[in-house]
Every structure is written in C-alpha cells, then in structure tokens.
Amino acid sequence: METLALYPGSFDPITYGHLDILERATELFDKVIITIAINSKKDTVFSGDEREALIAECLEDKEWAERVEIQQFTGLLVDFAKEKDAQTLVRGVRQVSDFEYEFRMALTNRRLAPDVDTVFLMPNEQLTFISASLVKEIAYWDGDLSSFVPQHVAEALHDKYKDQKELQ
Ligand code: PNS
C-alpha cells in the first residue's frame, strides 16, 4: 500500500527549513501532500495561490518533487486528512520551544481523529533558527535573505514589502 503523509503549514512563505523537512518526508513516505492552510482569521503576506506558486517553483529542480503534491485547505486539518485518506501528519520541530505548541496540536488532532498521527522531523541543524516570521522581518527591512529562502521567494518578499511601503 502506498504511504501518504500531509505536511501542513502556513508556508507564508516557504523557507529552506520547510524544504528540508519536505525532502526528509519524501524519504519516509511514498507521497507527501504539502498542505497550505488558508485561514481567513490569520493575516498572511501572500495569498494561498501566491504561496502555492512559490512552493511549486521551489520544486521545479528537485528530483524528489515527483512524490510531492501541493494543495490548499480551509477548515480543520484532520478533516482534510480524512478527505485525502492520510493517516500521518508531518511537522518540523526546530527547537525545544517549538515542542509545547506542536505537542498540544498533535494531541488535539489525535483527539479529533484517533487514527491520524503526527510525526516530528528535525531539520538540518544549520536551518533550525529559520522561521517564516523572522524571514518577513528581514525582508521588511530589506535585509539579505539568501541563506533563508530561495531567490524567487526573496524577490517576491521584497516586491511585496516595496509595494506595501509605497502605499504607506
Ligand atoms: O505553519 P504554521 O502556521 O505553524 O501551521 C499551523 C497549522 C496550519 C498546521 C495549524 O494552524 C492548522 O492545522 N490549522 C488548521 C485548523 C486546525 O485544524 N486547527 C486545529 C489544530 S490543533
């Protein structure tokens, strides 16, 4: 039977840390659906379609991308997992401080859907400090993003903030 996992997140935007976890997940599962959460209550810099396009471009030169699908979802993650018939959720844990939130989320999801389990993967240790929120702060102040996100993501971020600043 083909093994399938969801790798959910906001991916606003995707970083080298996310890509590292995604690649590791493709080594463990036959197919991984990177699932972009669309939450109208959460302010994001990029729309769902923009986040999807940025991820798709990251995958263009990756040989493991044939095992990856990109999907957007709204609502509860466990409902989406059931719809896809996925029993595993993948989340990246960078440091101990991530763990409390991740642990609560994993147990909540398991309470909601006992047959859906979460596995935690650790990124390459050189990527453990990267977060989408810090990346956005660096982009806002026009800093160098080259060690955090691929070039096209950096350009998209700089363009976004340039537009925003022009409107201010
Ligand atoms: O990248 P993030 O923002 O840490 O990802 C969090 C995400 C999107 C995985 C989480 O907020 C989520 O699953 N949202 C969908 C709504 C849901 O199922 N909430 C209950 C989870 S406890």
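Worth saying up front: this structure is predicted, and the values here are computed from it rather than measured.

Student: Even after reading the chapter, I still don't get the site of the ligand, so can you show me in this structure?
Tutor: Neighbouring the ligand are 13 residues, the closest being Ser10, Lys42, Gly75, Leu77 and Arg91. In the environment of the ligand, an oxygen atom lies 2.9 Å from a nitrogen or oxygen atom belonging to the side chain of lysine 42. Notes on the ligand: free accessible area 540 Å², of which the protein chains cover 74%. At 4 residues, the largest contribution of residues to the shell around the ligand is made by helix H4 (residues 96–112). The residue makeup of the shell around the ligand, split by class, is 6 nonpolar, 5 polar and 2 charged.

Student: Quick question: what am I supposed to make of a nonpolar patch on the surface here?
Tutor: A surface patch of nonpolar side chains, about 260 Å² in accessible area, is lined by Phe99, Phe103 and Leu107. Mapped onto the elements of the fold, phenylalanine 99 is located in helix H4.

Student: Mind showing me how you'd approach H4 here?
Tutor: Taking 1.5 Å as the rise per residue, H4 with 17 residues should run 24 Å; its terminal C-alpha atoms sit 25 Å apart, in good agreement. Along H4, the helix axis deviates most sharply at glutamate 102, where the bend reaches about 25 degrees. Listing the buried residues of H4 in full gives Asp98, Glu102, Ala106 and Asn109. Looking at the buried residues of H4, the elements they touch are helix H3 (77–84), strand S4 (88–92) and strand S5 (117–121).

Student: Just to check I follow, could you spell out the packing of helix H5 (residues 132–140) against helix H6 (residues 151–167) for this structure?
Tutor: Angle between the axes and distance between the axes are the two parameters that describe a pair of packed helices. As a packed pair, H5 and H6 sit with axes 9 Å apart at the nearest point and diverge in direction by 55 degrees. Our classification of the angle between H5 and H6 gives oblique. Helix-helix and strand crossings are classified by hand; for H5 and H6 the assignment is right-handed. Taken together, the residues of H6 that come into contact with H5 (itself represented by Val135, Lys136, Ala139 and Tyr140) are Leu157, His158, Tyr161 and Lys165. Taken together, the residues that form the contact of H5 with H6 break down as 5 nonpolar, 1 polar and 2 charged.

Student: Sorry, what's going on with the nonpolar core here?
Tutor: Within soluble globular proteins, side chains that are nonpolar tend to cluster in buried spots. Core analysis: the biggest nonpolar cluster contains 36 residues, and Ile34 and Leu59 have the highest contact counts within it. Of all the elements in the fold, those that place two or more residues in this core are strand S1 (4–9), helix H1 (16–28), strand S2 (31–37), helix H2 (48–59), strand S3 (68–73), H5 and H6. Ranked by residue count, the leading element in this core is H6, at 5 residues. For isoleucine 34, the contacting residues outside a window of four places in its chain are Tyr7, Phe11, Ile14, Leu22, Ile55, Val68, Glu69, Ile70 and Gln71. Listed in part, the 12 residues of the second largest apolar core include Leu6, Ile33, Val78 and Val116.

Rules behind the numbers
- Residues numbered from 1 in each chain as written.
- Predicted model: local features only at pLDDT ≥ 70, side-chain atom pairs only at ≥ 80, totals over all residues.
- Heavy atoms only, no water.
- Near = heavy atom within 4 Å.
- Polar contact = N/O pair within 3.5 Å; in protein donor to acceptor, adjacent residues only side chain to side chain.
- Areas by Shrake-Rupley, 256 points an atom, 1.4 Å probe, with all protein chains shown as cover.
- Helix = DSSP H or I, 4+ residues; strand = E, 2+ residues; numbered from the N terminus.
- Nonpolar A, V, L, I, M, F, W, Y, C, P; charged D, E, K, R; others polar.
- Patch = residues over 30% accessible without salt bridge, like charges linked within 9 Å, V, L, I, M, F, W, Y side chains within 5 Å.
- Salt bridge = Lys/Arg side-chain N within 4 Å of Asp/Glu carboxyl O.
- Expected span 1.5 Å × (residues − 1).
- Bend = angle between axes of the 7 residues up to and from the residue.
- Buried < 20%, exposed > 50% of the residue type's maximum accessible area, 1.4 Å probe, protein only.
- Contact = heavy atoms within 4.5 Å.
- Axes fitted to C-alpha atoms, helices over the stretch in contact; angles between N-to-C directions.
- Parallel < 35°, antiparallel > 145°, perpendicular 65-115°, else oblique.
- Left-handed = near helix turned anticlockwise from the far one by under 90°.
- Core = buried A, V, L, I, M, F, W, Y, C linked by side-chain atoms within 4.5 Å.

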